[in-house]
Every structure is written in C-alpha cells, then in structure tokens.
Amino acid sequence: MKHFFLYITLLFSLFSFAQNEQLAQYYYDKGDFEKAKLGYEELLLSVPQNMQYFIRTIDCYQQLQQFESAEKAIQIRLDKYNQGNLLVELGYNFQLQKNEAKAKSYYDQGIDRIKKNPNEVYGIAGTFEKKVLLEYALQAYQTASDLESKYNFNYQKGLLYGQLGNTEMMISTFLDESYANPQNSILIQNQLSRFMSDDSDAAFNDQLRKALIVRVQKNQDLFWNHFLSWFYVQQKEFSKAFIQEKAIYKRNPESLANIVNLVHLAVEEDDQEIAVEILGFVLENTNDLELLVQANTYLIKMKIEKAKEKDFANINAEIEGLLAEYEISPFTLSLQIIQAHFVAFNLKNSEKGRAIIKQALDLELDDYKVAQAKMELADILLFEEKFNQALIYYSQIEMDLKNDVVAHEASLKAAKTSYFKTDFVWALKQFKELKSANTQLIANDALEYFLLINDNTVADSTQTALKEFAKGDYLLYQNRNQEAIDQFQSILKKHKGQEIEAVTLLRLGQIYEKTANYNLALGQYQEIIEHHGDGIYIDEALFFSAEIYNKKLKEVEKAKPLYEKIIFNHEDSIYFVEARKSFRQLRGDTNL
C-alpha cells in the first residue's frame, strides 16, 4: 500500500509539473511575459540545470526590460557552470540596452573561448545564430575550423553566407563542400533550390550556373557534369541537361538510367521535342530489352497524344510491330496496356481491348504490374458503361496496394466512376478524403471535383445541371469530344447565369485547347475572366490563357499581363509559382 501511495504521489507531481510547463508556455506564446516569467522561475527552481527554462526566464526579463535581473541571473549561471554560450547571452543583454561596446566585449570573449577550446564552438556559434548575430556565428565556425581540421562547418557557413546575402560565397562554400563530401550533395542541392526559386534575387541562378560551368571546365571529374545537369533540370532546360548527360555517358557508358529519367521529366513538362531527341539517343545506344520497351512506350504515347484519326491505322500497326518484335511477356506489359487502351478508346473496339488485358493478366506479373493491368481493365469497363464491374477492379487495387500512390490513383478513379454514374453523395465523400492525398496531382484533382459537386449541389438541390455536366465529362472520358462539346454548349444555353456556367466554360476551353483550337479556347477563358472574376476558376482561366499566348501562339506581350494578374491577385493559386517563373522569364529577369 505504501508503494501504491508513493506511485500516486509521484504521478500527481509529474502531472502538476507538466501543467505548470504548459501554462508558462501558454503565457509566453500569448505575450504575457510577467506571468510567463513567474512560471519559468518556478520551473527553474525545480530543475535548475534545465537550459530551456533558463533561457525562457532570461527572455521574459528582457521582454519586460528587467535587464539587471537578466544580467545577474546570467552571471550567476556563468560562475556556476562556466558555459561559453552564456558570454553571448550576457553580450546580447547589453546589446538590448544599446551598450554596443560592452556587448562586443562579451562576444569577443566568446570567440576567445573557442580559440582556447574549439569544442565550445557548438554552444557559442549556435547561440550567435539564435540571436541572429550571423557575422559572429560565421567567425565562430571559421575559428574552430582553422584550429581543428577535423571540424567541418561548411554547410553551416554556406547557410550563413546566404542569410547575409553573400550568395557568391554561399555558392562557393556549398559547391566545395558537396565535392569534398558527396554524401551531403542532396542536402546542399535542397538549400540551393530554395534560393533558385526565390524571387528576391534574380541573379542567383546565373551566379550558380556560371560557378558550375567554371568547375566543369577546370575539373574533369564527372561530378560537376552531374551537378550542372541537376541545375538545368531545376530550370527545366532539358536540352542543356541532355548535353551534360551525353558527356557523362560517353565517358562512362555503364548506365542510361539518368538519361531515361530525363525523358520522364521532359515528358512531364510537355517538352516533347527534346524528349523525342533523348529517346532516339537511348534507342541508338542500348540493346537492353527493358530500356528498348520503355523508350518505345514513351514514343508511342506521345504519338497517340497528338494523333488525328487518319493516323490511327499507322499507330496501331506500329504497336503491333513492336509487340511482334519484343514478344508478349511481362517485360512488354507497358506496350500491351497502351495497345489495349488505344484499341478501346481510339479505335472504339473495347472488346478487343479487354481481351488484350486479360491475356496480359495470365502472365507471371508482380503485384504492381497486376495493378497496372487491372487499372486498364477497369478503365475499359468504365468506357463500356459497366460501372459496377469497373468499381470492383479499382477496389481490388486499393486493397492489394494499400496506402500506395497506385492505390490512391485507383481511389480517385473509383470516385470519378461514382461521379459519372451521378452517385454524387458517395463521390463527394471519396473526393473529400482524397483532398489530403500525399500525391499533389491526385489531391488537386480530388479538390476540383469536390468543389464542383459541393458548389453545384448548394446552388441546385435537384442537381439537374450537375447531372448534365457529369454526362459531358463522361463523354470526354470516352474520347467523344464533339459530343462532349455539344453537351457543354447545351448546358450553357439551359443554365445561363447559374453556378454551373463558369466551370462549363472552363471545360469547353480545355477541350478546344486539347484539340489545338486555341482561339476558341481563349474565348471561353475570356468569358470567365470578364463575367466570373470573383469565382474559383479565375486563376485557371488566367493561367491557361497566358500559357496559350506564351507557348502556343508565341504572343508573349499578351501573356505577360495575365501572368502578372495571377502573381498580384491570386497568391494562393496552385499556378502561382509557375506563373511567377514564366513572367520573370518573359520580362527578362533571369539569364536562363
């Protein structure tokens, strides 16, 4: 029983202590420093060696301008523990009182402590950084490095140079460190990426590019070609990245993996011209079946994307030729899936498309390949209006690959299936869950449909217009573009001025854009800009219009003001970063 009461007493004490800490933190965060001070003083009495409680107590004194109390407390602790970082704390206390001479005296004492014992650099330099005394922090790290060669603070120094605005030294320090310790390269590239995307210093990218080019020219190590290729990829200059990757491959022809990865990035950014050039290089330089299939898969996909109906027979013959050459096997699954999709959605022979996939499912496939094949089978069943059968296959993928990105894709397609069959209640529930998916594209897509269903249900409880809109979307899914256009135009006539109007204009614009009817697309987007400027689709209308003028019609002067409107009026848009970058390019702010 004694032990029981002791246990209860200890538990109560710990609970009480935790409550006191939370209360002190609450007052501190709230800015009530008088009450926070009392709380931290009490906590410090219980645990006098706790540095966090001590620093918070000192901060409360300083916020209340009780500088003498702060100085006395710091001095007592310095006498007791003799920690070098407390010299910085003392100096900072004098700095707050505008006594720069005395502050400098203590800061210099902190640097002297490092000269006597380099091990103290961690506490002293860290405290300088916390107080935003960046020059002193830099001096502290440099002092320790000069005294002990085993110390490497290049990463910290690079960050400090960046914070001080000395980007030239930051770049030099980071590049030297990445070369000396390649294991730190990814960490350094992440930091450089932050500065590369920062709008505040347009010259940074040019500085970094020049520094890398100098190192490529002076040093024959392929490390620098890899780094320069990485830089060009960040800038989406895939042709320049390809030059570096070719140079790497010619000197070290062991793997084409980086070059194939470059193709993937170029395709994602719709830079098909360079993607085709890179794929040609891959096909010329490999006999590896997997790479040959992968390269041809990319090429066929790009051909299908731009194909007119008159091209279908040739494309079909080309796919059949490739499968005859490389044979039906697990290695050629990607080509089999493309063939099934093309036959079903383009040649409108869904029965043959299903047969191709079912033949593929008889092969010895791993779980991911089974999921890919089942996904295509479900897509074809959905094309055939066999909604429930499609849902079964999507659900199987979700169960077999739980929490995987492929499972999330299947979930999104299942939600769209419910939407197509106008089961909006279930579809809305699924889209709501997918809004927080780890994959940004899936999350954005889910959010779009969630808003579409939610907004048009609130505006029209009968969901009449929404049902008609879902039918238009389904026609689009079936690749029946003209029928979809007729459906959406009918919605505009029947529901003019209603909630559904803006998104219908957007869909029409997207269809016209996909079929290269750019002026018609611009007309739809302009309707949104003029008549739905306060709606949720305005940023898309602005961005899509700007992209057409910039990349399709090459009328950059018309693109610039549209990008600018996104930058200044729609900072929360998912297109904001891309709009800002394109605007800077058109304005000539960077040397890319």
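Residues numbered from 1 in each chain as written. Predicted model: local features only at pLDDT ≥ 70, side-chain atom pairs only at ≥ 80, totals over all residues. Heavy atoms only, no water.

A. Molecular detail of unusual backbone geometry. The backbone phi angle of D270 is positive, close to 60 degrees, even though this residue is not glycine. Checked against the element boundaries, D270 lands in the loop between α15 (257–268) and α16 (272–284). Phi is positive for A516, which is not a glycine, with a value near 65 degrees. Residue placement: A516 occurs in the loop between α28 (500–514) and α29 (518–531). (Helix = DSSP H or I, 4+ residues; strand = E, 2+ residues; numbered from the N terminus.)

B. Molecular detail of the side chain of S350. Along the chain, S350 falls in helix α20 (residues 350–361). Classification of S350 by relative accessible area gives buried; the value is 14%. Those residues within four positions of S350 in sequence are excluded, and the remaining contacts are A344, I380, F383 and E384. (Buried < 20%, exposed > 50% of the residue type's maximum accessible area, 1.4 Å probe, protein only. Contact = heavy atoms within 4.5 Å.)

C. Examining the packing of helix α27 (residues 481–494) against α28 more closely. Two elements in contact, α27 and α28, have axes whose closest approach is 10 Å; the angle formed by their N-to-C orientations is 155 degrees. In terms of axis orientation, α27 runs roughly antiparallel to α28. Crossing of α27 over α28 shows left-handed handedness. Residue-level contacts link N481, A484, I485, F488, Q489, I491 and L492 of α27 to I500, E501, T504, L505, R507, L508, I511 and Y512 of α28. Its residues placed into classes, the contact of α27 with α28 shows 10 nonpolar, 3 polar and 2 charged. (Axes fitted to C-alpha atoms, helices over the stretch in contact; angles between N-to-C directions. Parallel < 35°, antiparallel > 145°, perpendicular 65-115°, else oblique. Left-handed = near helix turned anticlockwise from the far one by under 90°. Nonpolar A, V, L, I, M, F, W, Y, C, P; charged D, E, K, R; others polar.)

D. Seen up close, the packing of aromatic side chains. Applying the stated criterion across every chain yields a total of 40 aromatic pairs. When the ring of Y151 is compared with that of F153, the centres are 5.6 Å apart and the planes differ by 25 degrees; the resulting orientation is stacked. Here Y151 matches F153 in class, with each residue buried. Centre to centre, the rings of F345 and F383 are 4.7 Å apart; their planes meet at 55 degrees, and the pair counts as tilted. Of this pair, F345 sits in helix α19 (residues 333–346) while F383 sits in helix α21 (residues 367–383), and the two are 38 residues apart along the sequence. Summarising the burial analysis for this pair, F345 and F383 share the class buried. Ring-pair connections join several aromatic residues into one group, and the members of that group are F345, F383, F387, Y419, F420, F424, F431, Y449, Y474 and Y477. (Phe/Tyr/Trp six-rings, centres within 6.5 Å; stacked < 30°, edge-to-face > 60°.)

E. Spatial organisation of helix α3 (residues 51–63). Helix length check: α3 (13 residues) gives 18 Å between terminal C-alpha atoms against 18 Å at 1.5 Å per residue, within 8%. Within the span of α3, buried status applies to Y53, F54, R56, T57, I58, D59, C60, Y61 and Q62. With a side-chain oxygen positioned 3.0 Å from the backbone nitrogen of Q52, the residue opening α3 is N50. (Expected span 1.5 Å × (residues − 1). Polar contact = N/O pair within 3.5 Å; in protein donor to acceptor, adjacent residues only side chain to side chain.)

F. Up close: the environment of A340. Assignment of secondary structure puts A340 in helix α19. Residue A340 is classed as buried on the basis of its relative accessible area of 0%. Residues A340 and R587, spaced 247 residues apart in sequence, show a C-alpha to C-alpha distance of 46 Å. Residues in contact with A340, not counting those within four places in the same chain, are G353, I356, I357, E376 and I380.

G. Looking closely at the nonpolar core. Ranked by internal contacts, the top residues of the largest apolar core, which has 87 residues, are Y394, Y419, F431, L452 and F469. By residue number, the principal contributor to this core is α21, which donates 9 residues. Not counting residues within four places of it along the chain, the set of residues in contact with L452 comprises Y419, L466, F469, I500, V503 and Y537. (Core = buried A, V, L, I, M, F, W, Y, C linked by side-chain atoms within 4.5 Å.)

H. Region of interest: the environment of E409. Within the secondary structure layout, E409 lies in helix α23 (residues 405–420). In this structure the C-alpha to C-alpha distance between E409 and G110, which are 299 residues apart in sequence, comes to 56 Å. Those residues in contact with E409 that sit more than four places away from it in its chain are M375 and I442.

I. How the structure looks around the packing of helix α10 (residues 167–180) against helix α13 (residues 222–234). Where α10 contacts α13, the axes come no closer than 11 Å and their chain directions differ by 130 degrees. On the basis of the axis angle, α10 is oblique to α13. In this structure, α10 meets α13 at a crossing whose hand is right-handed. Together, L175, S178 and Y179 of α10 and F223, W224 and F227 of α13 make up the contact between the two elements. For the contact of α10 with α13, the class distribution of residues is 5 nonpolar, 1 polar and no charged.

J. Up close: the pattern of salt bridges. Counted by the stated rule, this structure contains 30 salt bridges. The closest approach of N and O atoms between K303 and E318, which form a salt bridge, is 2.9 Å. With a gap of 15 residues between them, K303 in helix α17 (residues 289–306) and E318 in helix α18 (residues 312–326) connect regions that are remote in the sequence. The partly exposed category is assigned to E318, whose relative accessible area is 29%. In this structure, K352 and E320 form a salt bridge, with 3.9 Å as the shortest nitrogen-oxygen distance. With K352 in helix α20 and E320 in helix α18, this residue pair connects regions lying 32 residues apart in the sequence. Relative accessible area serves as the criterion here: at 36%, K352 is assigned to the partly exposed category. For E320, a relative accessible area of 35% puts it in the partly exposed group. (Salt bridge = Lys/Arg side-chain N within 4 Å of Asp/Glu carboxyl O.)

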